[in-house]
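Observations on the model geometry
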Amino acid sequence: MNLVLSPLATVGRKTLGMLAGIGRFIMFLFETISHFFRPPFYVGEFFQALLSIGYFSLPVVGMTALFTGGALALQIYAGGARFNAEAVVPQIVAIGMVRELGPVMVGLMIAARVTSSVAAEIATMRVTEQIDALVTLSTNPMKYLTAPRVLAAVIVVPILVGIGDIIGIAGGFLVSTETLGFNSATYLRNTADFLETTDIVSSLIKGAVFGGIAALMGCYYGMNSGRGAQGVGRATKSSVEAAAVLILAANFALTALLFSA
Amino acid sequence: MIKLDKIHKAFGDNQVLRGATLHIPKGESMVIIGGSGTGKSVALKCVLGLVTPDAGTIMVDGQDVTTADRDAFLARFGMLFQGAALFDSLPVWQNVAFRLLRGSLKRPKAEAREIAIEKLRRVGLKADVADRLPAELSGGMQKRVGLARAIAADPEIIFFDEPTTGLDPIMAGVINDLIREIVVEMGATAMTITHDMTSVRAIADRVAMLHDGVIQWTGTVAEMDQTADPYVQQFIHGKADGPIEAVR
């Protein structure tokens, strides 16, 4: 009998553990959001987060977008040549960058750069009792550490996505006009004519969602870090894994929602 | 002033506190001694609300800490953490003036900085330390900054968690003397946890011995040296043989 019940008990325990984890995360999410609207507001922390998440991510976002746009142009040109459709490079680069690659690449870069650093920083604060010190100094750690970072990411990552989209299209433009023989004026006109407002809006919405996910994961895993260097390492690794998977899953859900009609 | 009554706390299967009861009168410096892992830090964190007891009550000035207004309650406390727990990203003066730059005790920035520098001087640090980052300071200096932060808002109650851990004997002596001077000067109620007997003799009005989750003994420093309690005797003389198991 035990042989039958033991695996079932394990499945039950794992399921309960997973549900408890989801519950904890949802409570964390709602508590974070509630601090957006309840004073005191830590304006300095918010602007510092804007700077570190936004401004200091510009180089990596720019380089990623530039090379992605260039590679996309080469791929579309080579693929399109199979059925005499090389001319659609500007349109496909524009739609590919703005609708999909721009937000996803920027989201993943933010997960790599911001989620990891936020998780490591907060986890180290947890391990070195800095979080406890905040509490004893009458400062709510969720309000002081989590809310400003998540709000800053939700605001600034769409801007990064917009910049990434432009640089990505520029990468495709450079490759197409310099090596594939496209006329620059025609390329730009085709890009502008083909892109719709909904493409751009959806790109920015994705950016806001991905930014929120990236910052939230870093804060959640940092706040719930285990002890010692191993705890910090595990929190950092888990936060990036969770952020990357959730960004890709959210991208699928948002694409289905925004472009299914 | 601070009353712990039958406090129980377990982490999973590990029962840390098993009915700890302790009374610290106003203005007294109480030092809790006991081996590593006996629950000294947990007891202290229970008073501050950083850890919630499973059972028992904690009263500060006759008010249950679980029902007190949190901000007003914490505003009466200062705490020196074992590793100082300074905020890495903030310069020293902002660490010291943290409470004075935000919340109910907020002051203008220039005034907060002035108070921070005065508190740094009080713990023997020069004003030029104010703009340095904590990582640029030695362990002893970090402890002093932590002490300056603990006293920055003139608290009525100050907690010291292993104040001399990781310091050389001379610096440990300096910190002990500073703690004693500051507690007397401010008339604050102090609760210190340590297993450093030099600290105990320098800081304590009264001593409590925590072992096996309960307070085994309390008395003055003079009584501590005279007592026949086998736990206290084994601990203060650092004997391997006795009722306290050497391997825990």
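Residues numbered from 1 in each chain as written. Chains lettered and ligands numbered in written order. Predicted model: local features only at pLDDT ≥ 70, side-chain atom pairs only at ≥ 80, totals over all residues. Heavy atoms only, no water.

1. Quick notes on the overall build of chain A
Put simply, the rule is: Think of it this way: any DSSP run of H or I at least four residues long counts as a helix, any run of E at least two long counts as a strand, and we number them from the N terminus. Each residue gets one of three labels from its accessible area relative to the maximum for its type: buried under 20%, exposed over 50%, partly exposed in between, using a 1.4 Å probe on protein chains only. What makes two residues a contact is simply this: any of their non-hydrogen atoms within 4.5 Å. Calculation of accessible area relied on Shrake-Rupley with a 1.4 Å probe; when residues are assessed, cover is drawn exclusively from the protein chains displayed. By the counting rule applied here, Lys and Arg register as positive and Asp and Glu as negative, while His and the ends of each chain are not counted. Note that the charge is assigned to NZ on lysines, CZ on arginines, CG on aspartates and CD on glutamates.
Of the regular secondary structure elements, chain A holds nine helices and zero strands. Along the longest, intermediate and shortest principal axes, the C-alpha atoms of chain A span 65 × 60 × 35 Å. Counting all 261 residues of chain A, 46% fall into the buried class. Expressed as a percentage of contacts within chain A between residues at least 6 apart in sequence, the contacts between residues at least 24 apart total 84%. Approximately 12,900 Å² of chain A is accessible, and the part contributed by carbon and sulfur atoms is 71%. Considering chain A, the positive charge centre built from 15 side chains and the negative charge centre built from 13 side chains are found 12 Å apart.

2. Observations regarding the sheet that holds strand E2 (residues 14-24) of chain B
All names here are of chain B. To keep it simple, the criterion reads: Think of it this way: DSSP has to see at least two bridges between two strands before they count as a pair.
Reading across the sheet, the four strands line up as E2-E1-E4-E5 and stay open at both edges, with antiparallel pairing between neighbours. In this open sheet, the two edge strands, each paired with only one partner strand, are E2 and strand E5 (63-64). As judged from the five bridges shared by strand E1 (residues 2-11) and strand E4 (residues 55-60), these two strands associate in the antiparallel manner. The partner of Leu4 across the bridge, within E4, is Ile58.

3. A closer look at the UniProt feature "domain: ABC transporter" (unreviewed entry) in chain B
Counted only if it meets this: UniProt positions are given in the numbering used here, feature names are shortened, and annotations may be inferred rather than shown by experiment.
If you check UniProt for "domain: ABC transporter" (unreviewed entry), the listed places come out as residues 2-237 of chain B in our numbering. Taken as a whole, residues 2-237 of chain B contains 36% helix and 26% strand, while its terminal C-alpha atoms sit 29 Å from one another.

4. Topic: the interface of chain B and chain A
The condition that has to hold: Accessible-area loss on putting two parts together, using a 1.4 Å probe and summing over both, is the definition of buried area adopted here. Just to be clear on terms, a salt bridge is a Lys or Arg side-chain nitrogen sitting within 4 Å of an Asp or Glu carboxyl oxygen. Side-chain atoms alone can form a polar contact between residues adjacent in sequence; in general such a contact is a pair of N or O atoms within 3.5 Å, and within protein one must be able to donate a hydrogen while the other accepts it. Residue type decides the class: Asp, Glu, Lys and Arg count as charged, Ala, Val, Leu, Ile, Met, Phe, Trp, Tyr, Cys and Pro as nonpolar, and the leftover types, Gly among them, as polar.
At the interface, 21 residues of chain B touch 14 residues of chain A. Here chain B and chain A share an interface that buries about 1,500 Å² over both sides, 60% of which is from carbon and sulfur atoms. Summed over the shared surface of chain B and chain A, the result is two salt bridges. Residues A:Glu129 and B:Lys45 are paired through a salt bridge, measuring 3.1 Å at the closest nitrogen-oxygen approach. The interface formed by chain B and chain A holds five residue pairs in polar contact (both at pLDDT 80 or more) in total. Elements with a contribution of two residues or more to the side of chain B that touches chain A: helix H1 (40-48) and helix H2 (70-74) of chain B. Ranked by residue count, the leading element in the side of chain B that touches chain A is H2(B), at three residues. Tallied by class, the residues present in the side of chain B that touches chain A amount to eleven nonpolar, two polar and eight charged.

5. Focus on the pattern of salt bridges
Opposite charge on two side chains permits them to pair, given that their charged atoms come into close proximity. The final tally for this structure, using the stated rule, is 19 salt bridges over all chains. For B:Arg201, the salt bridge goes to B:Asp225, with nearest N and O atoms at 2.9 Å. In this pair, B:Arg201 is assigned in helix H7 (residues 197-203) and B:Asp225 in helix H8 (residues 221-226), connecting sequence segments 24 residues apart. Given the relative accessible area of 40%, B:Arg201 is considered partly exposed. Salt bridges here are not isolated pairs; linked through shared partners, they connect A:Glu129, A:Asp132 and B:Lys45.

6. Overview of the environment of B:Ala153
Residue and element names in this part refer to chain B. As for its position among the elements, Ala153 is in the loop between helix H5 (139-151) and strand E7 (157-161). Judged by its relative accessible area of 23%, Ala153 is partly exposed. Beyond its immediate stretch of four places on either side in the chain, Ala153 contacts Arg99, Leu100 and Leu105.

7. Here's the deal with the packing of aromatic side chains
Each pair of aromatic rings is reported with the distance of its centres and the angle of its planes. As a reminder, the rule being used: When the centres of two rings from Phe, Tyr and Trp lie within 6.5 Å, Trp using its six-membered ring, the rings pair. Their planes under 30 degrees apart give stacked, over 60 give edge-to-face, and anything left gives tilted. Put simply, a charge is over a ring when the Lys NZ or the Arg CZ is close to the ring centre, within 6 Å, and near the line of the ring normal, within 35 degrees.
Counted by the stated rule, this structure contains 14 aromatic pairs over all chains. Plain terms: the ring middles of A:Phe28 and A:Tyr220 are 5.2 Å apart, the flat faces sit at 80° to each other, and that makes the pair edge-to-face. Here A:Phe28, found in helix H1 (residues 2-37), pairs with A:Tyr220, found in helix H8 (residues 197-223); they are 192 residues apart in sequence, far enough to count as distant. Put simply, the rings of A:Phe25, A:Phe28, A:Tyr220 and A:Tyr221 touch in pairs and so form one group of aromatic residues. Above the plane of the ring of B:Phe98 lies B:Arg102, whose end atom (NZ or CZ) is 3.9 Å from the centre. The ring of B:Phe87 carries the charged tip of B:Arg149 above its face, separated from the ring centre by 4.9 Å.

8. Some words on the UniProt feature "transmembrane region" (unreviewed entry) in chain A
Here the UniProt-annotated "transmembrane region" (unreviewed entry) positions come out as residues 16-37, 49-74, 150-175, 200-221 and 242-260 of chain A. Secondary structure within residues 242-260 of chain A divides into 95% helix and 0% strand; the distance between the first and last C-alpha atoms comes to 26 Å.

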